[in-house]
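# Observations on chain architecture
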Amino acid sequence: MRLIDGEVVYSSSDLNDYLACAQRIALGLRALARGEEVAAADPTLELIARKGLQHERAELARLEAAGVRVVRIAEGDASLRSFRAAVAATRAAMEAGAEAIYQGAFHAGAWAGRADFLIRVDHPSALGAWSYDIADAKLAVSEKASFLVQLCVYADLVAAVQGVLPRSIRALLGDGREVRYDPARYVAYVRLARERFERRIASLDPEAVPERVNACEGCAWFERCDERRRKVDHLSYVAGIRRAQIARLDGAGLTTLAALAQAPDAAKPARMSAATFAALRKQAALQAQQRTTGVPRYELLEPRERTGFAALPEPARGDVYFDVEGDPLYEPGRTLEYLLGAYVHDADGPRYRPFWGETRTGERAAFEAFADWLSAHLRAHPGAHVYHYGPYDKIALRRLAMQHGTREDAVDDLLRGEVLVDLHNVVRGALVQSHESYSIKKLERFYHFRRGAEIRRGDQTIVEFEQYLVDRDPARRAAIVAYNEEDCFSTRLLHEWLLHLRREAEAAFGVPVAARAEEPARPQSAAALAEAEELDALQRALLEGPSDAAAQRRLAHLLAYHRREDKPVWWAYFDRLDREGAYDPVDEDTEALGGLELCAEIAPEPDPAAKRRGGNLIYTYRYPRQQHKLGKKPVDPATRKSGGEIVSLDDEARLIRIKRNPAAPHPRTLIPGPPIGTDEQKNALRRFARAVLD
């Protein structure tokens, strides 16, 4: 937003800000009226802005290299005179029929903007036999609603000059793709959003207490809003609470953390399960107590099978503690995993091993070196596990194997053998603690770990790494490595603390807490191994063949298509098994179905298709309202076996009927099963490959 002739003029960014959080506009308007600076610059936001400008300039260079004559509109300074000159220059270039215009400036009514690119097309308008489409450079590699909002605002501004809407509006994504939209399909929604925005501006209150939303991350107003929320003891400070849960608690009259901490059972919202309400209340109570005493506390949860302490295997010599540092801004749309760190105490004593790769080629080499070292280490220590905190490290390994097409079997072995252990899942299933978050840095107070590295936050490493790529300062690189080493060592200390707490839980609850049963690693079947060997042989033959090399390379790649497509499904499946009991599937999983309760008043029905008595029965369960996406034969994550066969599912009545074995325990949660079989398709592709080779 800016002042033009004493009037506030808005941009597409303001509209997107309003749709994300109206309080941003209220605070921005007050700052504009007072002539105040918005906030101190955030180094990460500055880095993102710089990367965005680099992407935009790269698109400009690509256009000019293709021979397109581009009229560049001067950016000028922040003055009103400079902006008016840019608007006039843009109109003149459009009227003259320029092939392309860079940084075109527009102003119509209460709205102004600068479009990255205007591209001339052969479509008549008030300008003549031509008109202009809009293209905007985006760092992201996936489409976002905010892109359409911005582009549709630009479309209306361009239409005010040329008399017709652009035929297309285009997002130039970070991975090189160009995504086109027809503005006629979307502009009505954006116009309505603009009208609502303009009507509501006068009623926005900069002193209001805003909800905590996704847009808070990186917002220039975060500290100010954080202060306001703390003054009213906002529910968003309950660790792990979700926005939907806040809304339900608000609706039940529980609007503060203190109120939730003291709430009776009868205060439970109608659309919240008793277990979820009890868990949130316990979390709030511990945090309220720490506020009073200043002393952090934890409470152990009653042990359950397969979750919490029961998800911890027995410690073994050679256990590895692992952490990954990545730069999501290294290149548009693709993170560079530049440092894989491992701390291990083996026959050589305690040792930290960094695997560093500061280029895309270096990333591959570092990943291969890490995977090879880890495979050899696990062969020497067959009982060892790899411990990490949070899902990112596991995701990074899978992504590296897929993107580089290397060490895929090694990563599959880690997953199939359940070698990776996420201690975050263990913590969430084992205890409740009194800090506002469950980050490892908050937990460090319990096991008395004090960091000494210069870098203290993960987002700081991104800025430092980007600066290292510029100045190649070895001290800067050493500081990043030291931060990673502390993360790995802290993970080890957390593991030791959890093992101590497991003994504490046994004493507190009077029952032994068995370590995770070490089932034999799920080896590939003989048939699967034979299939993999045949696939490798066919791929080698196709790649080495002398005829039509390009087509044969494509076919060699296609042979592994179904295997690659199945991997994310398998990964999601095992992730859900690992998290069982450590998260709430009702609010945190859009595919699983959680909160199932047996309808005791509805008698189980015999299976009408059964040929004999005493077989499966059809049971009816109720569940809270939620998103889900189940196949016909889901899995019960508590037993890791079939959850039965879905006979019917009624989202209006929130009832599900399941045909299942009456001897099996009743499920609390159902998750999607493994991938759908594609043996016929894979066999057909192999037959085709053999025919090509013949």
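Rules of the game
Residues numbered from 1 in each chain as written. Predicted model: local features only at pLDDT ≥ 70, side-chain atom pairs only at ≥ 80, totals over all residues. Heavy atoms only, no water. Helix = DSSP H or I, 4+ residues; strand = E, 2+ residues; numbered from the N terminus. Rg over C-alpha atoms; globule rule 2.2 N^0.38 Å. Buried < 20%, exposed > 50% of the residue type's maximum accessible area, 1.4 Å probe, protein only. Areas by Shrake-Rupley, 256 points an atom, 1.4 Å probe, with all protein chains shown as cover. Lys, Arg positive; Asp, Glu negative; His and termini not counted. Charge placed at Lys NZ, Arg CZ, Asp CG, Glu CD. Pairing = 2+ DSSP bridges. Axes fitted to C-alpha atoms, helices over the stretch in contact; angles between N-to-C directions. Core = buried A, V, L, I, M, F, W, Y, C linked by side-chain atoms within 4.5 Å. Salt bridge = Lys/Arg side-chain N within 4 Å of Asp/Glu carboxyl O. Phe/Tyr/Trp six-rings, centres within 6.5 Å; stacked < 30°, edge-to-face > 60°. Lys NZ or Arg CZ within 6 Å of the ring centre and 35° of its normal. Polar contact = N/O pair within 3.5 Å; in protein donor to acceptor, adjacent residues only side chain to side chain. Contact = heavy atoms within 4.5 Å. Parallel < 35°, antiparallel > 145°, perpendicular 65-115°, else oblique. Left-handed = near helix turned anticlockwise from the far one by under 90°. Nonpolar A, V, L, I, M, F, W, Y, C, P; charged D, E, K, R; others polar. Arc of directions from axis to C-beta.

### Some words on the overall build of the protein chain
Check the secondary structure of the protein chain and you find 22 helices and 22 strands. The C-alpha atoms of the protein chain give 29 Å as radius of gyration, which agrees with the globular expectation for 694 residues (26 Å, within 12%). Dimensions of the protein chain, computed from C-alpha atoms along their principal axes, come out at roughly 80 × 75 × 65 Å. Classification of the 694 residues of the protein chain by burial places 47% in the buried group. As displayed, the protein chain has an accessible area near 34500 Å², and 52% of this comes from carbon and sulfur atoms. Here the protein chain contributes 99 positively and 103 negatively charged side chains, and the mean placements of these two sets differ by 3 Å.

### Points about the sheet that holds strand S6 (residues 131-137)
The 6 strands are arranged S3-S4-S5-S6-S7-S8 in an open sheet whose pairing can be described as mixed. What marks the edges here is a single partner per strand, and that holds for strand S3 (70-72) and strand S8 (178-181). On average, each strand axis in the sheet is tilted by 40° relative to the strand beside it, whichever way the strands run. Bridge count between strand S5 (residues 111-121) and S6: 5 bridges; the pairing is antiparallel. Residue pairing for S6: Ile119 is matched across the bridge by Asp133.

### Section: the nonpolar core
Counting residues in each nonpolar core, the largest one holds 48 residues, and the members touching the most others are Leu15, Met94, Ile101, Leu118, Ile134, Ile169 and Phe197. The element contributing the most residues to this core is helix H5 (residues 145-162), with 11 residues. In terms of nonpolar packing, the next biggest core, distinct from the first, is built from 44 residues, Tyr338, Tyr387, Phe446 and Leu498 among them.

### Section: the pattern of salt bridges
Per the stated rule, a full pass over the model turns up 55 salt bridges. Note that Arg297 is salt-bridged to Glu299, the shortest N-O span being 3.9 Å. The exposure class of Arg297 is partly exposed, given its relative accessible area of 29%. Salt-bridge contacts for Lys682 lead to Asp679; the nearest nitrogen and oxygen are separated by 3.8 Å. Of this pair, Lys682 and Asp679 both sit in helix H22 (residues 679-693), separated by 3 residues, roughly a single helical turn. Relative accessible area serves as the criterion here: at 15%, Lys682 is assigned to the buried category. Each member of the salt-bridge network shares a partner with another, and the members are Lys441, Glu444, Arg451, Glu486 and Asp487.

### So, the packing of aromatic side chains
Under the definition given, this model contains 25 aromatic pairs. With centroids separated by 5.4 Å and ring planes inclined at 70°, the aromatic side chains of Tyr343 and Phe489 adopt a geometry described as edge-to-face. On the criterion of sequence distance, the pair formed by Tyr343 in strand S11 (residues 334-346) and Phe489 in helix H17 (residues 474-509) is long-range, its members being 146 residues apart. On the accessibility criterion, Tyr343 (10% relative accessible area) is buried. Take Phe489: its relative accessible area is 30%, and that puts it in the partly exposed class. Between Arg428 and the ring centre of Tyr438, over which it is positioned, the NZ or CZ distance is 4.1 Å. Directly above the ring of Tyr619 sits Arg660, whose terminal nitrogen or CZ lies 5.5 Å from the centroid.

### Remarks on the side chain of Arg194
Among the structural elements, Arg194 can be located in helix H6 (residues 187-200). Here the side chain of Arg194 touches Asp156 through a polar contact of 3.0 Å, side chain to side chain. Ignoring any residue separated from it by four or fewer positions in sequence, one finds Arg194 in contact with Leu15, Trp111, Val153 and Asp156.

### Describing the side chain of His377
One can find His377 in helix H11 (residues 360-380). When its relative accessible area of 6% is taken as the criterion, His377 is described as buried.

### As for the packing of helix H16 (residues 458-471) against H17
Relative orientation of the contacting elements H16 and H17 amounts to 155°, with a least axis distance of 9 Å. Accordingly, the angle class assigned to the pair H16 and H17 is roughly antiparallel. Note that H16 runs across H17; the crossing there is left-handed. Taking contact as the criterion, the partners of Gly458, Thr461, Glu464, Phe465, Gln467, Tyr468 and Asp471 in H16 are, on H17, Arg476, Arg477, Ile480 and Tyr483. Taken together, the residues of the contact of H16 with H17 break down into 4 nonpolar, 3 polar and 4 charged.

### Some points on the pairing of strand S4 (residues 100-108)
By the criterion of burial, S4 is predominantly enclosed, with 7 of the 9 residues buried. Where S3 meets S4, 3 bridges bridge the pair, whose relative direction is parallel. The residue of S4 that forms the bridge with Val70 is Ala100. Looking at chain direction, S4 and S5 are connected through 8 bridges and run antiparallel. Residue pairing for S5: Ala105 is matched across the bridge by Arg114.

### Some thoughts on the pairing of strand S18 (residues 617-622)
Here strand S16 (residues 597-598) pairs with S18 via 2 bridges, running antiparallel. Among the inter-strand pairings, Leu598 is bridged to a residue of S18, identified as Tyr621. Pairing of strand S17 (residues 605-606) with S18, which is carried by 2 bridges, proceeds in the antiparallel orientation. Along S18, the bridge assignment pairs Glu605 with Ile618.

### Some points on the sheet that holds strand S14 (residues 420-422)
Ordered by their spatial adjacency, 5 strands build an open sheet running S12-S11-S10-S13-S14, and the pairing between neighbours is mixed. Pairing within the sheet leaves two strands with one partner each, and these edge strands are strand S12 (349-356) and S14. Strand-to-strand twist across the sheet, computed as the mean angle between neighbouring axes with direction ignored, equals 25°. Where strand S13 (residues 386-388) and S14 come together, 3 bridges link them in parallel fashion. Bridge pairing in S14 links Tyr387 to Val421.

### Considering helix H8 (residues 243-251)
Along an α-helix, a turn takes 3.6 residues, which lines up residues three or four apart on a common side. Gln245, Ile246, Arg248 and Leu249 are the residues of H8 that are buried. Summarising the axial view, the buried residues of H8 lie within an arc of 165°, below the 170-degree limit, and thus occupy one face. Among the exposed residues of H8, those pointing more than 90 degrees away from its buried face are Arg243 and Gly251. For H8, the elements touching its buried residues are helix H9 (257-261), helix H10 (274-293) and helix H21 (585-588). Gly253 sits one or two positions beyond H8 and adopts a positive phi of about 85°.

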